[in-house]
Amino acid sequence: MNTRSRLFVLLAAVAALAAVAAVSVLRAADRAAEKDRPQAGGPAVTAGSVTLAPDTPRMVFRNMAWGPHRDELATVPAGSPTAARTASDVKCLRFYAAAGTGICLQSVKGAVQDTYRAVVLDARLHELRHFPLAGIPTRARVSPSGRMAAWTVFVGGDSYAGTNFSTRTSVLDTRTWALVANLEDFRIIRDGRPYHAADVNFWGVTFSDDTHFYATLGTGGRTYLVRGDVAARSVRTLRGNVECPSLSPDGTRLVFKKRVAGLSPDAPWRLYVLDLATMRETPLAERRSVDDQVVWRDDHTVVYALAGDFGADLWTVPADGTGTARRMMTAALAPAYLGQALPGPGRGPALRSPATRRSP
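What counts as what
Starting afresh in each chain, residues are numbered from 1 along the sequence in its written order. Local features in this predicted model are restricted to residues whose pLDDT is 70 or higher, and side-chain atom pairs enter the listing and the counts only when it is 80 or higher, whereas totals over whole chains, interfaces and linings include all residues. With hydrogens and water excluded, all non-hydrogen atoms of the structure serve as input to the side-chain values. Any pair of cysteine sulfurs within 2.5 Å is marked as a disulfide. Secondary structure elements follow DSSP: runs of H or I of four or more residues count as helices, runs of E of two or more count as strands, with numbering from the N terminus. In this scheme, a residue with accessible area under 20% of its type's maximum is buried, one over 50% is exposed, and one in between is partly exposed, where area comes from a 1.4 Å probe on protein chains only. In this analysis, strands are considered paired if DSSP registers two or more bridges between them. Angles here are taken between N-to-C directions and fall from 0 to 180 degrees, while the axes themselves are lines fitted to C-alpha atoms, restricted in helices to the stretch in contact.

**Re the state of the cysteines**
Overall, the coordinates contain 1 disulfide when judged by the stated rule. Through a disulfide, Cys92 is tied to Cys104; the S-S separation comes to 2.0 Å. Here the disulfide of Cys92 and Cys104 is left-handed, its torsion about the S-S bond being about -115°. Taken together, the residues span a long stretch of sequence, with Cys92 in the loop between β4 (85-91) and β5 (94-98) and Cys104 in strand β6 (residues 101-108) at a distance of 12 residues. Side by side, Cys92 and Cys104 carry an identical accessibility label, which is buried.

This is the structure in structure tokens:
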């Protein structure tokens, strides 16, 4: 083959690769555009006013339904989850709210790559402050009074992490704006003794009040339930094999996901409820693997996400181990119940609604 022939083959190959790339880009753009078009039979979603004020019982969540309001915070009455949705123009990857304060973990589109940030919202969904995130958002919580917020992200590049990623969990005081950037800086007491390790990770904070919280500690290939104290900057272990705890409205129980021996490594978790007075575990009736930080709808029922046709659906199951799991909402994620649960034992009184608070 002479030089001219080789050049012709090279140019033909380049042209073919360019055509394949162009087709791929067009198909990707078409798929993205399809998600902006409402799907037949999907939930009704219209633009309107969404509030986090704790005045009437409502649920606020990330709307996953395809259409112009996909990924926006939306609301329905707490007792009517299949009602028509009212959507804001605020988009979140992860979200939670309590007592008029919201925490919204967002993606920020960049020319080269996306970045992420945590946005503190007031009751009208106005931004109070935002903070850069070191990785991909995965968990978010707000204390019952609305004062404290916490979030967890996946972080790449930590050399000690066997899977080449780790977590980073932050806690923020929305009154003073004091930020604990990484819970790994807290003193750890494991089995009554100080504990230090390079592979420590925290995730899944749930607040009992504005000072105390529960969370998951991962280290040495094991997970632990920890009780934390923000003022003392310390945590202590309570028991093993607990991930993503969530405290009940009355403050007496935790729902969590537990790794169960013999299950597939791709679906290893089952949901359990832990009675904090007796430390007795109760398996829930949901038999599928749930990789989520569960939310309490009330003192008797929990809500969680499972994969659905349009990203995720919300399911519900009784918190006492009876009954059966049922799908509550399609195309929804990251719910928060507002305006119905009162502070339980150990939680402390609601301090105030930040609806009229302004960023300093």
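**Some points on the pairing of strand β7 (residues 115-121)**
Bridging between β6 and β7 involves 7 bridges; their strand directions are antiparallel. In the strand pairing of β7, Ser107 is matched with Tyr116. Hairpin connection from β6 to β7: 6 residues lie between these consecutive antiparallel strands. One ladder, built from 6 bridges, connects β7 with strand β8 (residues 127-133); its direction is antiparallel. Counterpart to Ala118 in the pairing with β8 is Phe131. What sits between β7 and β8 in their antiparallel hairpin is a turn of 5 residues, with Leu125 showing a positive phi close to 65°.

**Quick word on the sheet that holds β6**
Pairing between the strands of a sheet comes from backbone hydrogen bonds, and it takes one of two forms, parallel or antiparallel. The strand order across the open sheet formed by 4 strands is β5-β6-β7-β8, and the pairing between neighbours is antiparallel. Every other strand in the sheet has two partners, leaving β5 and β8 as the edge strands with one partner each. Between one strand axis and the next, the sheet turns by 20° as a mean value, whatever way the strands run. Sheet topology note: the β5/β6 ladder contains 5 bridges and is antiparallel. Bridging across to β6, Phe95 finds its partner in Cys104.

**Notes on unusual backbone geometry**
Even without a glycine there, the phi angle at Ala331 is positive, about 50°. Given a relative accessible area of 1%, Ala331 falls into the buried group. Backbone geometry at Ala334 places phi at a positive 55°, although glycine is not the residue there. Looking at the element boundaries, Ala334 is found in strand β27 (residues 332-338).

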